[in-house]
Amino acid sequence: MPDSRPQPPPRPPSSSTSGPAESGSLLLCGARLTDGRTVDVRLSGGRIEAVGTAGSLTAGDPHARVDLNGYLLLPAPAEPHAHADTALSADDGGPVSYESRDIQRRATEAALLQLGHGATFVRAHVRVGDVQGLDALGAVLQARRALRGLAELTTVAVPRVLTGAAGADGLAMLRDAVKMGASVVGGCPDLDPDPTGYAEAVLEVAAEHGCPVDLHTDAADPARLARFAAMAGGLRPGVTLSPCGGLGRLPAEVASRTADQLAAAGVRVVCLPQGGCGSAERRSTAPVRLLRAAGVRLAAGSGALRDVSNPVGRGDPLEAAYLLASRHGLRPEDAYDAVSASARAVLGLPEVRVEAGFPAELLAVRGDRLAGALAPAYSRIVVHRGRVVARTSAVREYCGSVASAELGLPRQGRGVLP
């Protein structure tokens, strides 16, 4: 039976895959690319050193080789929208624990789960203020340090209220969160009595500290979005909105005009095709084809990972790409772009291609075509900073039959089933 649980990184004898990220070199042998070529890829110093025809490259250490025969090699996905403080809390039963130790454990486990799926970079939204203060953020930052060398985890500070009588405390907490280590300023303007004032406060703090902005909004109010686009235009290093499901409920003409305004302001959108991170009645997905047609940079994230908002959330970027292709009609290439190249662009990360000179952030998936890989996508090998950091293996066995032998159907296992 398929076992999709992430496994520890492989440990071949004398292999540099288990050493420091930048040490030695690693040769990926016989990988198939999306253009149909079968190649060897040599990695060194956290980057792709060379790409050549299969059998043409060598590694300095003969043991530092990974056989990718039967695998499709892709740029690794990135996760642009996770919730590290609540991830996996549905598994615990009873009230959610916000003790720092429990949050750190869940955040670490969630990041490793997403790493096993292929995401070597995760942007995690973390609530600050209220009773928790900065404790949850501190716990997630501890998880970030524990994950160093395996995956990159960055945090978005999410205050509840920034206007009115309670707003002063929230604003002070937001500034403290950035000083503490949150690298992105976020929040939920829809929950504030003054959504526009909330957005203004977030943009002000972001401008003070030179931080990106990443806001939750249903995007169901076109006038509010127009005002926000006007305020956000030109802000560097950039503004992101998610999940924007309300855009899909607007009249087509209004939604199209709003998308044009977002595109003109350079605002990016992260959709959540796996179910979002809000109430059940608001789980519609942003109109991905309309946004892409308007020129909005569109990425796809996972949202809730087995918490109260989505107790069955998987946190799998390939599932998000599969849903964009199957439900929203995107080509497999465009769907995968939303969880890889576009997700990295939204997060301000350097571009990755399977070409010499690019960062060695890679995902190998069992299969020979992208469309086929997005469907089952069980077996995966994940490369971060030039070394293998996760391997997920699946073995499916069928009992022997005359029909399977005559038709030459593939079998992965050779044992006899009981």
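Residues numbered from 1 in each chain as written. Predicted model: local features only at pLDDT ≥ 70, side-chain atom pairs only at ≥ 80, totals over all residues. Heavy atoms only, no water.

1. Some thoughts on the overall build of the chain
Rules: A run of H or I in DSSP counts as a helix once it spans at least four residues, and a run of E counts as a strand once it spans at least two, with each numbered from the N terminus. Each residue gets one of three labels from its accessible area relative to the maximum for its type: buried under 20%, exposed over 50%, partly exposed in between, using a 1.4 Å probe on protein chains only. The contact criterion used is simple: two residues touch if any of their non-hydrogen atoms lie within 4.5 Å. Note on areas: these come from Shrake-Rupley sampling with a 1.4 Å probe, and a residue is covered only by the protein chains present in the view.
Along the backbone of the chain there are 12 helices and 16 strands. Within the chain, buried positions represent 53% of all 418 residues. Of the contacts made within the chain by residues no fewer than 6 positions apart, 73% connect residues no fewer than 24 positions apart. Of the roughly 18,000 Å² of accessible surface on the chain, a fraction of 52% belongs to carbon and sulfur atoms.

2. Some remarks on the environment of Val-267
By the secondary structure assignment, Val-267 is in the loop between helix 6 (252-265) and strand 12 (268-271). A relative accessible area of 2% means that Val-267 is categorised as buried. In this structure the C-alpha to C-alpha distance between Val-267 and Arg-297, which are 30 residues apart in sequence, comes to 7.6 Å. The residues contacting Val-267, other than those within four sequence positions of it, are Ala-232, Val-239, Leu-241, Leu-262 and Val-296.

3. Looking at the side chain of Ser-242
By the secondary structure assignment, Ser-242 is in strand 11 (residues 239-243). Using a relative accessible area of 0% as the deciding quantity, one classes Ser-242 as buried.

4. Remarks on the pairing of strand 3 (residues 47-53)
As a reminder of what qualifies: At least two DSSP bridges between two strands are required for those strands to pair.
Examined bridge by bridge, strand 2 (residues 38-44) and strand 3 share six bridges and lie antiparallel to one another. From the neighbouring strand, Ser-44 faces strand 3, where its bridge partner is Arg-47. If you look at the hairpin formed by strand 2 and strand 3, you'll find two residues sitting between the two strands, and Gly-45 has a positive phi there, around 60°.

5. Regarding the pattern of salt bridges
Opposite charge on two side chains permits pairing when their charged atoms draw close. Put simply, the test is: Any Lys or Arg side-chain nitrogen located within 4 Å of an Asp or Glu carboxyl oxygen qualifies as a salt bridge.
Tallied over the entire structure, the rule returns 18 salt bridges. In this structure, Arg-175 engages Glu-204 in a salt bridge whose closest nitrogen and oxygen atoms are separated by 3.6 Å. Note that Arg-175 is positioned in helix 3 (residues 167-180) and Glu-204 in helix 4 (residues 195-209), a separation of 29 residues in sequence. Overall, the relative accessible area of 22% leaves Arg-175 in the partly exposed class. Given a relative accessible area of 45%, Glu-204 falls into the partly exposed group. When salt bridges with common partners are traced through the structure, they connect Arg-292, Arg-331, Glu-333 and Asp-334 into a single cluster.

6. Comments concerning the environment of Glu-152
As a reminder of what qualifies: The term polar contact refers here to a pair of N or O atoms within 3.5 Å; inside protein, the definition further demands a hydrogen-donor-capable atom paired with an acceptor-capable atom, and it admits residues adjacent in sequence only when both atoms are side-chain atoms.
When you line up the elements, Glu-152 lands in strand 8 (residues 152-159). In this structure the C-alpha to C-alpha distance between Glu-152 and Ala-111, which are 41 residues apart in sequence, comes to 8.8 Å. Not counting the four nearest positions on each side in its chain, Glu-152 is found in contact with Thr-120, Phe-121, Val-122, His-384 and Arg-385. Side-chain polar atoms of Glu-152 contact the side chain of His-384, separated by 3.2 Å.

7. Details of the sheet that holds strand 13 (residues 298-300)
Rule in force here: Axis definition: a line fitted to C-alpha atoms, limited for helices to the stretch in contact. Angles are taken between N-to-C directions and run from 0 to 180 degrees.
The eight strands lie next to each other as 6-7-8-9-10-11-12-13, forming an open sheet whose pairing is parallel. Each end of this open sheet is capped by a strand with a single partner; those strands are strand 6 (79-82) and strand 13. Going from strand to strand, the sheet's axes swing by 25° on average, the running direction of each strand aside. Here five bridges tie strand 10 (residues 213-217) to strand 11, and the two strands are oriented parallel to one another. By the bridge assignment, Thr-217 is partnered in strand 11 with Pro-243. Lying over the sheet, helix 2 (residues 135-146) contacts strand 7 (121-128) and strand 8, oriented at roughly 170° with respect to strand 8. With respect to the sheet, helix 3 is in contact with strand 7, strand 8 and strand 9 (184-187), its orientation differing from that of strand 8 by roughly 165°.

8. Focus on helix 8 (residues 317-328)
The criterion, for reference: Residue count minus one, scaled by 1.5 Å, sets the expected span of a helix.
Compared with an ideal rise of 1.5 Å per residue, which puts 12 residues at 16 Å, helix 8 spans 16 Å between its outermost C-alpha atoms and is within 8% of the ideal. By the burial criterion, the buried members of helix 8 are Pro-317, Leu-318, Ala-320, Ala-321, Leu-323 and Leu-324. Downstream of helix 8 by one or two residues, Gly-329 has phi in the positive range, about 75°.

9. Examining the confidence of the model for the chain
The predicted coordinates should not be examined in detail at positions where pLDDT is low. As a reminder, the rule being used: As a per-residue measure, pLDDT reflects the predictor's confidence and takes values from 0 up to 100.
Looking at the chain, the pLDDT average stands at 87 and 87% of residues meet or exceed 70. Note that pLDDT drops below 50 for residues 1-21; the model gives that stretch 47 contacts with residues more than four away or on any other chain. Here residues 413-418 is a poorly scored stretch, pLDDT under 50, and it has seven contacts once near neighbours within four places are set aside; other chains count.

10. Examining unusual backbone geometry
Excluding glycine, residues mostly have negative phi values, and the peptide bonds linking residues are mostly trans. That bond from Ser-242 to Pro-243 is cis: its omega, -5°, falls within 30 degrees of zero. Along the chain, Pro-243 falls in strand 11. Not every positive phi belongs to a glycine, and Leu-88 is a case in point at roughly 65°. Position of Leu-88 relative to the elements: it lies in the loop between strand 6 and helix 1 (100-117). Taking the relative accessible area as the measure of exposure, Leu-88 reaches 3% and is therefore buried.

11. What about the packing of helix 4 against helix 5 (residues 222-232)?
Operational definition: Oblique is the label for any angle not under 35 degrees, not over 145, and not in the 65 to 115 range, which are roughly parallel, roughly antiparallel and roughly perpendicular in turn. Helix crossings get a hand from a simple test, with the near helix turned counterclockwise from the far one by less than a right angle marking a left-handed crossing and a clockwise turn marking a right-handed one. The nonpolar class holds Ala, Val, Leu, Ile, Met, Phe, Trp, Tyr, Cys and Pro. Asp, Glu, Lys and Arg form the charged class, and all remaining residues, Gly among them, are polar.
Where helix 4 contacts helix 5, the two axes come as close as 11 Å, and the packing angle between them is 20°. Relative to helix 5, the element helix 4 is oriented roughly parallel. Considering how the two elements wind past one another, helix 4 and helix 5 form a crossing that is right-handed. Where helix 4 approaches helix 5, its residues Pro-195, Thr-196, Ala-199, Glu-200 and Leu-203 are matched on the opposing element by Arg-224, Arg-227, Phe-228, Met-231 and Ala-232. Grouping the amino acids of the contact of helix 4 with helix 5 by side-chain chemistry returns six nonpolar, one polar and three charged.

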